[in-house]
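# Observations on the three-dimensional arrangement
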Amino acid sequence: MQIIDGKKVAEQIKLEIAEEVKQMKEQGLKIPHLAAILVGHDGGSETYVAHKVKDCAEVGFKSTLVRFEDDVTETELLAAVQKLNNDSDVDGIIVQLPVPKHISEQKIIEAIDYRKDVDGFHPINVGRTVIGLPSYVSATPFGIVELLRRYKVETKGKNCVVIGRSNIVGRPMSILLSQKAQPGDCTVTVCHSATPDIASYTSKADIIIAALGKPGFLKASMVKEGAVIIDVGTTRVPAPETKSGFRLKGDVDYDEVAPKCSFITPVPGGVGPMTRVSLLQNTLLAAKKSFFK
Ligand code: GUN
């Protein structure tokens, strides 16, 4: 059994990005610039955005954080997005989700210029991904593909079960792994909340992507000997002994499942760090105008 060390890979990728930024600077090119919009003071969102700003600084990117209170109107938020769309210094834009209920999340996503949509949430990027055109891919699936590639996990011809059909993880993951690509070329089954007997699918799978958000859901009895297990779960469970008062728990019962696997991602230290670094990779692609002029 091999543990897929997402933390180590993410650190390596950050070094690669930092080196590229250094060279861009030396060539007199503009440095990549990520702009993040944060609405309100949700603890989780505050932490995620703080990480994004810190990650940018670590690789030499510029970042801008635009903050609004919870009572911001949809019109004001749309105007802020528009301003960033029109700012030629800004390469990538993200609006941290969720936004308050009185604001349409979809409207905000669609207001972002798809050429700066480094979250890969805009329908143009999602659609381009589906038909195999160059596009921004949302951070978690992008990070998982990178892990499979760097660990040389054989995917061609394998049975892959994705548990979860969210727009930002399960759905794009299932599309990427079914594409004619390496990693890819899998036969993919998507299981979700209306799937009866998920174990009947997972027990036949060579690769399982657990992205349903139920801590400890995947048990050893549901997994084939030698399977590859990618755990996307990051549920916060109370842990009074820790400084933060919580710890992250994955969707996989790690202690039970790990001995049966060929590869497994731990939580924390597996997919999470890769999700963070994927945003940097997308921002670099945006700065280099890799997909769109
Ligand atoms: N909220 C939870 N995950 C994400 C993400 O990847 N991007 C944004 N913008 N908001 C999120």
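Scope of this entry: the structure provided in the associated data block. Source: prediction; values computed, not measured.

Parameters at a glance
- Residues numbered from 1 in each chain as written.
- Predicted model: local features only at pLDDT ≥ 70, side-chain atom pairs only at ≥ 80, totals over all residues.
- Heavy atoms only, no water.
- Pairing = 2+ DSSP bridges.
- Helix = DSSP H or I, 4+ residues; strand = E, 2+ residues; numbered from the N terminus.
- Right-handed = clockwise from strand over helix to strand, strands pointing away.
- Expected span 1.5 Å × (residues − 1).
- Contact = heavy atoms within 4.5 Å.
- Phe/Tyr/Trp six-rings, centres within 6.5 Å; stacked < 30°, edge-to-face > 60°.
- Buried < 20%, exposed > 50% of the residue type's maximum accessible area, 1.4 Å probe, protein only.
- Near = heavy atom within 4 Å.
- Polar contact = N/O pair within 3.5 Å; in protein donor to acceptor, adjacent residues only side chain to side chain.
- Nonpolar A, V, L, I, M, F, W, Y, C, P; charged D, E, K, R; others polar.

### Some points on the pairing of strand β6 (residues 187-191)
- Where strand β5 (residues 159-163) and β6 come together, five bridges link them in parallel fashion. Among the inter-strand pairings, Val161 is bridged to a residue of β6, identified as Thr189.
- With respect to chirality, the unit in which β5 leads through helix α7 (residues 170-178) into the neighbouring parallel β6 is right-handed.

### Here we look at helix α2 (residues 43-59)
- When the terminal C-alpha atoms of α2 are compared, their 25 Å separation across 17 residues agrees well with the 24 Å that a helix rising 1.5 Å per residue should span.
- Each element contacted by the buried residues of α2 is listed here: α1 (6-26), β2 (33-39), β3 (62-68), β4 (92-95), β9 (235-238) and α10 (271-287).
- Downstream of α2 by one or two residues, Gly60 has phi in the positive range, about 90 degrees.

### Re the packing of aromatic side chains
- Counted according to the given criterion, the structure contains five aromatic pairs.
- A ring pair is formed by Tyr114 and Phe292, whose centres lie 4.9 Å apart and whose planes are at 85 degrees; its orientation type is edge-to-face. Taken together, the residues Tyr114 in the loop between α4 (105-111) and α5 (123-130) and Phe292 in the segment after α10 connect sequence positions 178 residues apart.
- With 6.5 Å between their ring centres and 80 degrees between their planes, Tyr151 and Phe263 make a pair best called edge-to-face. Of this pair, Tyr151 sits in the loop between α6 (139-150) and β5 while Phe263 sits in strand β11 (residues 263-264), placing them 112 residues apart in sequence.
- You can call Phe263 buried: its relative accessible area is 15%.

### Observations concerning the site of the ligand
- As a structural note, the neighbourhood of the ligand is formed by Lys52, Val95, Gln96, Leu97, Asp119 and Phe121.
- The side chain of Asp119 places a nitrogen or oxygen atom 2.7 Å from a nitrogen atom of the ligand.
- Residue classes in the shell around the ligand are distributed as three nonpolar, one polar and two charged.

### Remarks on the sheet that holds strand β1 (residues 2-3)
- Strand order in the open sheet formed by six strands is β1-β11-β8-β7-β5-β6, with parallel pairing between adjacent strands. The open sheet has two edge strands with one neighbour each: β1 and β6.
- Here strand β8 (residues 228-231) pairs with β11 via two bridges, running parallel. Within β11, the position partnered with Val228 by the bridge is Phe263.

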